[in-house]
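Take a look at the letters that make up each chain.
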Amino acid sequence: MKIVLLGPPGAGKGTQAKSICNRFSIPHISTGDIFRNHISKRTPLGIEAKKSIDRGELVSDELTINLVEERLMQEDCKIGFLLDGFPRTVIQAKALDEFLENKGEKLDTALLIDVPKDFIIERMSGRRVCLSCGASYHIKFNPPNYEGKCDVCGSDVTQRKDDKEETVKDRLQIYHDQTQPLINYYKVKEMLSIVDGTQAINDVFKNICDILGSGNK
Ligand code: AMP
């Protein structure tokens, strides 16, 4: 099963991605997580990516495409994968199609978690993440058991710099300008599936499973 997960920032992609990957036993490839990992290790790639991420801008296509292609060449991706946060631009989508085509493969679906703009700012500004294990929370919809502490590992739970309200607005604008054309790209190719992301987390997941089927692909 080869899936691309689409949706605005704050659509709940990360949460659904984890559930999908568990259900279908495929690796979860989040470009945001990969960048954050490089940033925390202060690698040259991390230092370069941080400049764009802190400004709420996209990292360059070239850097991002190379990073993803390297990851997709690893052994665990032979059985499939879920890409979360990639592609973000039509250039990235075309590069991915080409990369797969060269291996005689193709995506099974581009799954869009659809959430209207009004919902997003409330969702994102309440989002908190554990810097240690990556678990994610929401102060209103999914709070940790003890305020500010991760349920999984007990470390501090904080707000990502790019979840702050002013950065969120920039990211939404970028989504609108650059990522939304992807929806058309996959629609034209008849590869787009849409799920309503305003529902409860479990209901969204149930709808996704209905769309993806039994997992035999
Ligand atoms: P995310 O966790 O997916 O929201 O990603 C956090 C940030 O990483 C984004 O705001 C971008 O600056 C950068 N990023 C993640 N994925 C990509 C991508 N496919 N292309 C360019 N920049 C990306």
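Source: prediction; values computed, not measured. (Residues numbered from 1 in each chain as written. Predicted model: local features only at pLDDT ≥ 70, side-chain atom pairs only at ≥ 80, totals over all residues. Heavy atoms only, no water.)

A. Region of the structure containing the overall build of the chain. Each helix and strand counted, the chain has eight helices and eight strands in total. For a compact globule of 217 residues, the expected C-alpha radius of gyration is about 17 Å, and the chain comes in at 17 Å, within 12% of that figure. Of all 217 residues assigned to the chain, the portion counted as buried reaches 46%. Residue pairs at least 24 apart in sequence account for 69% of intrachain contacts in the chain once pairs closer than 6 positions are excluded. Taken as a whole, the chain presents about 11,800 Å² of accessible surface, with 49% of it coming from carbon and sulfur. Across the chain, 31 positive and 32 negative side-chain charges occur, with their mean positions spaced 2 Å apart. (Helix = DSSP H or I, 4+ residues; strand = E, 2+ residues; numbered from the N terminus. Rg over C-alpha atoms; globule rule 2.2 N^0.38 Å. Buried < 20%, exposed > 50% of the residue type's maximum accessible area, 1.4 Å probe, protein only. Contact = heavy atoms within 4.5 Å. Areas by Shrake-Rupley, 256 points an atom, 1.4 Å probe, with all protein chains shown as cover. Lys, Arg positive; Asp, Glu negative; His and termini not counted. Charge placed at Lys NZ, Arg CZ, Asp CG, Glu CD.)

B. Focus on the nonpolar core. Of all hydrophobic cores here, the largest spans 32 residues; its most connected members are Leu96 and Tyr186. For this core, the secondary-structure elements that each account for two or more residues are β1 (2-6), α2 (31-40), α3 (44-54), α4 (61-72), β3 (81-84), α5 (90-102), β4 (109-114) and α7 (165-188). Not counting chain neighbours up to four residues away, the residues in contact with Tyr186 comprise Val4, Leu6, Pro87, Ala93, Leu96, Leu107, Ala110, Met191 and Leu192. Listed in part, the 23 residues of the second largest apolar core include Ile113, Ile120, Met124 and Ile208. (Core = buried A, V, L, I, M, F, W, Y, C linked by side-chain atoms within 4.5 Å.)

C. Examining the packing of α4 against α5 more closely. Taken N-terminus to C-terminus, the directions of α4 and α5 make an angle of 30 degrees; their axes are 10 Å apart at the nearest point. As far as their axial angle goes, α5 and α4 are roughly parallel. Where α4 crosses over α5, the handedness of that crossing is right-handed. Taken together, the residues of α5 that come into contact with α4 (itself represented by Asp61, Thr64, Ile65, Glu69 and Leu72) are Ile91, Gln92, Ala95, Leu96 and Phe99. (Axes fitted to C-alpha atoms, helices over the stretch in contact; angles between N-to-C directions. Parallel < 35°, antiparallel > 145°, perpendicular 65-115°, else oblique. Left-handed = near helix turned anticlockwise from the far one by under 90°.)

D. Quick look at the UniProt feature "binding site: AMP" (unreviewed entry) in the chain. The feature "binding site: AMP" (unreviewed entry), as given by UniProt, occupies Thr31, Arg36, Glu57, Leu58, Val59, Gly85, Phe86, Pro87, Arg88, Gln92, Arg160 and Arg171 in the numbering adopted here. Taken together, the annotated residues stretch across 141 residues and extend over separate regions, lying up to 24.8 Å apart by C-alpha. Examined against the element boundaries, Leu58 turns out to sit in the loop between α3 and α4. The exposure class assigned to Leu58 is partly exposed, which follows from its relative accessible area of 25%. Each residue touching Leu58, except ones within four places of it in the same chain, is listed here: Ser52, Arg88, Thr89, Ile174 and Gln178. Among the secondary structure elements, Arg171 is positioned in helix α7. On the basis of relative accessible area, Arg171 is assigned to the buried category, the value being 13%. (UniProt positions renumbered as here; feature names shortened; annotations may be inferred.)

E. Highlighting the environment of Ile20. By secondary structure assignment, the location of Ile20 is in helix α1 (residues 13-24). Sequence-wise, Ile20 and Ile208 are 188 residues apart; in three dimensions their C-alpha atoms are separated by 8.1 Å.

F. The sheet that holds strand β5 (residues 127-130), seen in detail. Taken together, the three strands give an open sheet; going across it, the order is β6-β5-β7, and neighbouring strands pair in antiparallel fashion. For this open sheet the edge positions go to β6 (136-138) and β7 (157-158), each flanked by a neighbour on one side alone. (Pairing = 2+ DSSP bridges.)

G. Structural context of helix α6 (residues 117-125). Burial in α6 covers these residues: Ile120, Arg123 and Met124. Buried residues of α6 fall within an arc of 90 degrees about the axis and therefore sit on the same side. Contacts from the buried residues of α6 go to β5, β6 and α7. (Arc of directions from axis to C-beta.)

H. The arrangement of the pattern of salt bridges in detail. Using the criterion set out here, one finds 15 salt bridges in the structure. Among the ionic pairs, Glu48 bridges to Lys51, the shortest N-O distance being 3.2 Å. Of this pair, Glu48 and Lys51 are both found in helix α3, three residues apart, which corresponds to roughly one turn of the helix. Judged by relative accessible area, Glu48 falls into the partly exposed class, the value being 40%. Across the pair Asp54 and Lys161 runs a salt bridge whose closest N-O atoms are separated by 3.9 Å. Separated by 107 residues along the polypeptide, Asp54 in helix α3 and Lys161 in the loop between β7 and α7 bring together distant segments of the chain. Asp54 sits in the partly exposed class, given a relative accessible area of 29%. Among the residues examined, Lys161 registers a relative accessible area of 52% and is labelled exposed. What emerges from the salt-bridge pattern is a single network uniting Lys50, Asp54 and Lys161. (Salt bridge = Lys/Arg side-chain N within 4 Å of Asp/Glu carboxyl O.)

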